[in-house]
Amino acid sequence: MKFYNILTVATIVILVAFFDNVHADSQAQEQCRQLHHVDIDPSGTKFLNNNCRLNCNIHGQIYGHNINEGRTCMIGQTNYVCQNGECVGHNRQHVGHIDIELISASLYEKANAYATVCIMNNSLPISLPIQDRRNCVSCSTHVKENTNYPVWNEVCVGSSNYLFVSDSRVTTEVWDHHGSNNNVFLGGVTLTIDQLVNHGDNHRQINLAMAGGHNPGQLSTRITWTQRT
Ligand SMILES: *[C@@H]1O[C@H](CO)[C@@H](O)[C@H](O)[C@H]1NC(C)=O
């Protein structure tokens with residue numbers, strides 16, 4: 001009798017797991033169709049690593065995507081987040097102070113150039129230019145008029161009032177100033193503090209290729225990360 005009960009429970013568990021999987025698979029297929037705009041082969045199309053990664057099978061080839069980057073991936077465990085497609089736990093997130101010096105830029109066209117920084121206390125991806133700056137700790141340089149090579153040498157004011165996690169997103173945008181609402185976005189760089197200071201680049205002058213805008217150029221900056229924990 002007991003044995004049959006166990007069998008029944010086991011069967012139900014297996015069935016629930018099976019239907020759950022089928023549901024997740026159809027979601028994976030839908031998401032892959034949205035991403036690739038082509039028909040998807042169901043076999044091998046699935047979520048992996050607690051929904052941090054999505055594999056799409058297209059005509060026999062698997063295309064992997066890191067999804068939900070920066071979001072929590074373990075129920076009830078906010079310190080587990082998706083990072084590079086893996087669900088990783090930070091026992092303790094490192095926090096510290098960030099200092100940003102905006103040194104110069106090299107632009108393809110002359111502009112009334114100024115740079116503006118947004119620091120967000122998380123690594124969620126964003127697209128440029130940033131539309132919603134409500135969660136930014138911000139600072140901006142002065143405008144350098146009519147130049148391909150604006151030199152600012154300005155240190156961000158105000159960032160030392162805050163502690164940030166080390167995978168905070170730092171976004172720098174360069175704009176062409178034409179007065180209040182007519183400014184033109186020239187390009188920008190968005191990276192996490194960890195990405196900016198790895199390779200021993202902490203407190204060194206670094207040159208970064210800008211993206212977005214039309215004809216983005218290069219940005220020269222210095223990031224100083226002072227870890228507290
Ligand atoms: C960022 O997050 C850390 C860890 O949760 C917190 O200690 C810090 O105050 C936050 N900083 C800002 C600017 O929100």
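Above this text sits the structure in question.
Quick summary incoming for the structure in this document. (Residues numbered from 1 in each chain as written. Predicted model: local features only at pLDDT ≥ 70, side-chain atom pairs only at ≥ 80, totals over all residues. Heavy atoms only, no water.)

1. Some thoughts on the environment of serine 159
Thought 1: Its place among the elements puts serine 159 in the loop between strand 10 (151-155) and strand 11 (164-165).
Thought 2: As a C-alpha pair, serine 159 and cysteine 139 span 20 residues in sequence and 8.1 Å in three-dimensional space.
Thought 3: Looking at serine 159, its side chain comes within polar contact range of the main-chain oxygen of isoleucine 98, at 2.8 Å. (Helix = DSSP H or I, 4+ residues; strand = E, 2+ residues; numbered from the N terminus. Polar contact = N/O pair within 3.5 Å; in protein donor to acceptor, adjacent residues only side chain to side chain.)

2. Quick word on the pattern of salt bridges
Thought 1: Per the stated rule, a full pass over the model turns up 5 salt bridges.
Thought 2: Two residues, arginine 33 and glutamate 30, come together in a salt bridge whose shortest N-O distance is 3.3 Å. In this pair, arginine 33 and glutamate 30 are both assigned in helix 1 (residues 2-36), 3 residues apart and thus about one turn of the helix distant.
Thought 3: With its nearest N and O atoms 3.9 Å apart, the salt bridge here joins aspartate 201 to arginine 204.
Thought 4: What makes aspartate 201 buried here is its relative accessible area of 18%. (Salt bridge = Lys/Arg side-chain N within 4 Å of Asp/Glu carboxyl O. Buried < 20%, exposed > 50% of the residue type's maximum accessible area, 1.4 Å probe, protein only.)

3. Comments concerning the site of the ligand
Thought 1: All residues in the neighbourhood of the ligand are listed as Asn121, Tyr162, Leu163, Phe164 and Val165.
Thought 2: Asparagine 121 places a polar side-chain atom, nitrogen or oxygen, 2.4 Å from an oxygen atom of the ligand.
Thought 3: Within the complex, the protein chains bury 49% of what would otherwise be the 370 Å² of accessible surface of the ligand.
Thought 4: Residue composition of the shell around the ligand, grouped by class: 4 nonpolar, 1 polar and no charged. (Near = heavy atom within 4 Å. Areas by Shrake-Rupley, 256 points an atom, 1.4 Å probe, with all protein chains shown as cover. Nonpolar A, V, L, I, M, F, W, Y, C, P; charged D, E, K, R; others polar.)

4. What about the state of the cysteines?
Thought 1: One pass over the full model with this rule turns up 5 disulfides.
Thought 2: Here cysteine 118 connects covalently by a disulfide to cysteine 136, the sulfurs 2.2 Å from one another. Across the disulfide from cysteine 118 to cysteine 136, rotation about the S-S bond amounts to roughly -80°, and the bridge is consequently left-handed. Placement of the pair is cysteine 118 in strand 7 (residues 111-120) and cysteine 136 in the loop between strand 7 and strand 8 (137-140), with a sequence separation of 18 residues. Each member of the pair cysteine 118 and cysteine 136 is classed as buried.
Thought 3: Taken N- to C-terminal, the disulfide-bonded cysteines of the chain are connected 1-3, 2-5, 4-6, 7-8, 9-10. (Disulfide = S-S within 2.5 Å.)

5. A short note on the environment of leucine 124
Thought 1: Along the chain, leucine 124 falls in the loop between strand 7 and strand 8.
Thought 2: Sequence-distant contacts of leucine 124, defined by excluding residues within four places in its chain, comprise Glu69, Gly70, Arg71 and Arg169. (Contact = heavy atoms within 4.5 Å.)

The values reported here are purely geometric and, on their own, carry no functional implication.
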